[in-house]
Amino acid sequence: MGLTSRSLLYAAVAAAVVCVGLSVRLWPRFAGRRPLALLGRLASIAATQLALVAALGLAVNANFQFYGSWHDLLGLYDDAPAAVGKWGGDGGAGPAGDPSKGLVQTAGPDGLDKVHGLPQGPPATNGKVESVRIVGKRTRVVNPAYVYLPPQYFQAAYARQRFPVMVALSGYPGGVYLLGQHLRLPQTAGGLIRAGRMQPTVIVMLRPTVAPPRDTQCVDVPGGPQAETFFADDVPDALKEHYRVGHDPGAWGLLGYSSGGSCALQLALRHPRTYPAAAALSPDYKVANDPTTGDLFGGGKDRGRRRQEHDLVWRLRHLPVPQVSVLIGTSRSGEKNYPAAREFLSAVRPPMQAESVVLAHGSHNFDTWRRELPAALRWMSGRLTFPEDVVGES
């Protein structure tokens, strides 16, 4: 049974109910002071608690899709997306996928069938959301993605137009399901496009980690997962090959919340010619090691420099400022990163441009990010060029 399947959840709930019932029924037999009675009480408590925690954990995971499979949960990737190395010349696909079948490959639902409010009916009228896998030609990473295609993408009047594209990143450890079900990104964007408040845009929804369950923080780890290269190079190349999206940087932007917002800022400041616009909701402004990341910076004399260059305030104060536009979403009360947001915004100087969405009250949760999302999408729409170019032009 799959980790997020209803059958597994129902079985876990049934097991928890049975354990509680057996504990109630058998508890009088364990009332003595004999060693066996003591062991019986301990075993009853342990089994009941384990069953209840398992049922609760499965219910929460089924709702939020923190882990989409047993492989995600346990990190059992023999084909390890973390396998690193330049693409070989032997014609082999490597352990993570076969690029000869395309860098964007059709995938199973991956939770998409559980997302409410997605476009239904004719794509030319309502748009469409696809579930795919993106294969990294350089990094050998394979990452699941949802792709929202606006109605105009399917209309004859736009048949030769290339569309702007927004790469949207979820938080950690959540997956792309959260962008659809809880952030409601494609539903919100579709409503804005229908209302004429956002230009038609292809939205590609991804998780920020490339080696689950490790939090790779969109960093190229020395001797480890090459997350930065995947998002900065592999993702744009794959999308340009498969979809009718713009080839000029003016067509590209990033959006993310929490860890995904941190990645959006990192990628925009480090790769301004790829992503000249980024909207970040409740991001962090530096990358640091923690138990979920492991060592992101490696050893050697360059370790300190690598860490510094992933501190965005340090970058703005010590390195040339890139020509990018960023939007920061934060709250004066309820979010602990408000002082860091002020410090970052105060460090911005030309040619970089920065704006903000500041709520009076908000927390680090989807209620806050859904309130900020429409403004972020309209802001992004004003920075992406459409139509970018036409098919047949490079």
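Before any of the text, the structure's been laid out above.
Residues numbered from 1 in each chain as written. Predicted model: local features only at pLDDT ≥ 70, side-chain atom pairs only at ≥ 80, totals over all residues. Heavy atoms only, no water.

Caption draft 1: Looking closely at the overall build of the chain. When helices and strands are tallied, the chain shows twelve helices and nine strands. Counting all 394 residues of the chain, 50% fall into the buried class. A separation of at least 24 residues holds for 74% of the contacts in the chain among residues at least 6 apart in sequence. Summing over all exposed atoms, the chain offers an accessible surface of approximately 17,900 Å²; the carbon and sulfur share of this is 55%. (Helix = DSSP H or I, 4+ residues; strand = E, 2+ residues; numbered from the N terminus. Buried < 20%, exposed > 50% of the residue type's maximum accessible area, 1.4 Å probe, protein only. Contact = heavy atoms within 4.5 Å. Areas by Shrake-Rupley, 256 points an atom, 1.4 Å probe, with all protein chains shown as cover.)

Caption draft 2: Geometry of unusual backbone geometry. A cis geometry characterises the amide bond from tyrosine 172 onward to proline 173, with omega recorded as 10°. Structurally, proline 173 can be placed in the loop between β4 (165–169) and α5 (176–181). With an omega of 10°, the peptide bond between proline 212 and proline 213 qualifies as cis. In this fold, proline 213 is placed in the loop between β5 (202–206) and α7 (227–242). Even without glycine at this site, arginine 140 takes up a positive phi of about 65°. One can find arginine 140 in the loop between β2 (128–135) and β3 (142–149). Look at arginine 140 and you get partly exposed, because its relative accessible area is 22%. The phi dihedral of cysteine 218 is positive, around 55°, even though this residue is not glycine. As for its placement among the helices and strands, cysteine 218 is situated in the loop between β5 and α7.

Caption draft 3: Quick peek at the pattern of salt bridges. Applying the stated rule across the entire model yields eleven salt bridges. The partner of arginine 303 in a salt bridge is aspartate 295, and the shortest N-O contact between them spans 2.9 Å. When its relative accessible area of 25% is taken as the criterion, arginine 303 is described as partly exposed. The class of aspartate 295 is partly exposed, set by a relative accessible area of 37%. Measuring nitrogen to oxygen at the nearest pair gives 2.5 Å for the salt bridge that ties arginine 370 to aspartate 367. Taken together, the positions of arginine 370 and aspartate 367, both in helix α12 (residues 366–381) and three residues apart, correspond to about one turn of that helix. (Salt bridge = Lys/Arg side-chain N within 4 Å of Asp/Glu carboxyl O.)

Caption draft 4: Region of the structure containing the nonpolar core. Membership of the largest hydrophobic core comes to 52 residues, with the highest contact counts inside it found for Ile134, Leu239 and Phe344. If one sorts the elements of this core by residue count, α7 sits on top with seven residues. Counting residues in hydrophobic clusters, the runner-up holds 35 residues, among them Met198, Ala279, Leu373 and Leu384. (Core = buried A, V, L, I, M, F, W, Y, C linked by side-chain atoms within 4.5 Å.)

Caption draft 5: Examining the side chain of threonine 201 more closely. With respect to the helices and strands, the residue threonine 201 is situated in the loop between α6 (185–194) and β5. Using a relative accessible area of 1% as the deciding quantity, one classes threonine 201 as buried. A polar contact is formed between the side chain of threonine 201 and the backbone oxygen of glutamine 199, at a distance of 2.9 Å. Not counting the four nearest positions on each side in its chain, threonine 201 is found in contact with Tyr148, Pro150, Pro164, Val165, Met166, Ile193 and Leu384. (Polar contact = N/O pair within 3.5 Å; in protein donor to acceptor, adjacent residues only side chain to side chain.)

Caption draft 6: Region of interest: the side chain of glutamine 187. Within the secondary structure layout, glutamine 187 lies in helix α6. Exposure remark for glutamine 187: the relative accessible area of 13% places this residue in the buried category. A distance of 2.7 Å separates a polar side-chain atom of glutamine 187 from the backbone oxygen of histidine 116. A distance of 3.0 Å separates the side chain of glutamine 187 from the backbone oxygen of glycine 180, its partner in a polar contact. Apart from residues no more than four positions distant in its own chain, glutamine 187 is found in contact with Val115, His116, Gly117, Leu118 and Gly180.

Caption draft 7: Here's a closer look at α6. The buried fraction of α6 amounts to seven of the ten residues, a majority that puts the element mostly inside the structure. Along α6, the residues classified as buried are Leu185, Pro186, Gln187, Ala189, Gly190, Leu192 and Ile193. Once α6 finishes, glycine 196 follows within two positions and takes phi at roughly 75°, a positive value.

Caption draft 8: Quick look at the packing of aromatic side chains. As enumerated under the stated definition, the model contains eleven aromatic pairs in all. Aromatic pair tryptophan 252 and tyrosine 275: ring centres 6.2 Å apart, planes at 70°, arrangement edge-to-face. Of the two residues, tryptophan 252 sits in strand β6 (residues 252–257) while tyrosine 275 sits in the loop between α8 (259–270) and β7 (277–281), which places them 23 residues apart along the sequence. Judged by centre distance (5.2 Å) and plane angle (85°), the rings of phenylalanine 366 and tryptophan 369 are edge-to-face. Taken together, the residues span about one helical turn, with phenylalanine 366 and tryptophan 369 both in helix α12 at a distance of three residues. Every member of this aromatic cluster is reached through a ring pair, and the members are Tyr153, Phe154, Tyr158, Phe163 and Phe386. Stacked on the ring of tyrosine 153, the Lys or Arg arginine 244 has its end atom at 4.3 Å from the ring centre. (Phe/Tyr/Trp six-rings, centres within 6.5 Å; stacked < 30°, edge-to-face > 60°. Lys NZ or Arg CZ within 6 Å of the ring centre and 35° of its normal.)

Worth remembering: the numbers are spatial, not functional.
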